Amino acid sequence: QAGPNDLQTKADRLVQMSICASLARKFPKVTIIGEEELPTDDVTEDLIEDGHCEEILKKPCPAQYTGIKEEELVIWVDPLDGTKEYTEGLLDHVTVLIGIAYGGKAIAGVINQPYYNYEAGANAVLGRTIWGVLGMGAFGFQLTEAPAGKHIIVTTRSHSSALVNECIIALNPDHVIRVGGAGNKIIQLIEGKASAYVFASPGCKKWDTCAPEAILHAVGGKITDICGNSFQYNKEVKHMNSAGVLATLRNYDYYASRIPNTVKESLVP
């Protein structure tokens, strides 16, 4: 009898093997860090993607990145963000995250939603890819701001705690949305469904935040830990975002100023 964990593991592994092996073949000198500990040498050819997107290659590379060497890049991969929701059939929560970091900063990212539109009927186009590069912008979605004057918090669906809830209550929100996946939460921000993503807990990892951070920053948003520290993505960094997440498309300072000190003191970066 296969349980949710077996399902998750198989989906996670196949997706990660495909992404990491395909990237490693095309860019052998980059550092690739994936959620699963997997060998990449025995990947079957049917998992290798060797195409590229003409539409993206037509865009000019931002000047600050033209001199980057392959070996200076770190790619953070979450093959299936929102695993618990995936196993429960909440397929719109699921994303595939590929983030690119240079000099410890997230500079580009891809959020793929493989099941986007899955409830929209037989003729709907299934899936979409949102991507962004600092200095270029972000694409694949309609940038929308949350309703002015409303404080709508998006937070965890499956990793709640007393601290998570204490932090949310302190922000006095008009509404709280609970969804799975860090990628999905950033989508709520950039599509105007939520005004802040708040997670006062150490559960999040670097591969959860690298791609979403690049996309959010590319459209003028901001993401830090709960204490206001930027995330670092160099290859030596620890994988856990120990002090949680605070992200907004606009009005970051409003939310940051209302995080209680008791919450900050409970979360050590």
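Residues numbered from 1 in each chain as written. Predicted model: local features only at pLDDT ≥ 70, side-chain atom pairs only at ≥ 80, totals over all residues. Heavy atoms only, no water.

An unreviewed UniProt entry annotates the protein as 3'(2'),5'-bisphosphate nucleotidase 1 originating from Loxia curvirostra. The record held by UniProt for the protein lists under Cofactor (unreviewed entry) the comment "Mg(2+)". Under the Sequence similarities (unreviewed entry) heading, UniProt states for the protein: "Belongs to the inositol monophosphatase superfamily." (UniProt positions renumbered as here; feature names shortened; annotations may be inferred.)

> Even after reading the chapter, I still don't get the domain arrangement of the protein, so can you show me in this structure?
Interface extent is often summarised as the accessible area lost during association of the parts. Per the domain assignment, the segments making up the protein are domain 1 (10–139) and domain 2 (152–266). Taken over C-alpha atoms, the centre of domain 1 sits 21 Å from the centre of domain 2. Considering only the side of domain 1, the residues that lose the most area to domain 2 are Trp76, His93 and Ala106, jointly responsible for 23% of the buried surface there. Put simply, Glu88 and Arg157 hold a salt bridge, and the shortest N to O gap is 2.6 Å. Seen at the junction of domain 1 and domain 2, the total is eight residue pairs in polar contact (both at pLDDT 80 or more). Among the elements of the structure, strand 1 (31–34), strand 2 (73–81), helix 3 (83–87), strand 3 (95–102), strand 4 (105–113), strand 5 (128–133) and strand 6 (137–139) are those that each provide at least two residues to the side of domain 1 that touches domain 2. Examining the composition of the side of domain 1 that touches domain 2, we find that eight residues originate from one element, strand 4, more than from any other. Residue composition of the side of domain 1 that touches domain 2, grouped by class: 19 nonpolar, 11 polar and nine charged. (Domains from an automatic or database assignment. Buried area = accessible area lost by both parts, 1.4 Å probe. Salt bridge = Lys/Arg side-chain N within 4 Å of Asp/Glu carboxyl O. Polar contact = N/O pair within 3.5 Å; in protein donor to acceptor, adjacent residues only side chain to side chain. Helix = DSSP H or I, 4+ residues; strand = E, 2+ residues; numbered from the N terminus. Nonpolar A, V, L, I, M, F, W, Y, C, P; charged D, E, K, R; others polar.)

> Mind showing me how you'd approach the packing of aromatic side chains here?
Between two aromatic rings, the relevant description is the distance of the centres plus the angle of the planes. Across all of its chains, the model carries six aromatic pairs by this definition. Plain terms: the ring middles of Trp76 and Trp207 are 6.4 Å apart, the flat faces sit at 40° to each other, and that makes the pair tilted. Of this pair, Trp76 sits in strand 2 while Trp207 sits in helix 6 (residues 206–218), placing them 131 residues apart in sequence. Comparing Trp76 with Trp207 shows no difference in burial state: the two are buried. Considering the side-chain rings of Trp76 and Tyr233, the 6.3 Å spacing of their centres and the 70° angle between planes classify their relative orientation as edge-to-face. (Phe/Tyr/Trp six-rings, centres within 6.5 Å; stacked < 30°, edge-to-face > 60°. Buried < 20%, exposed > 50% of the residue type's maximum accessible area, 1.4 Å probe, protein only.)

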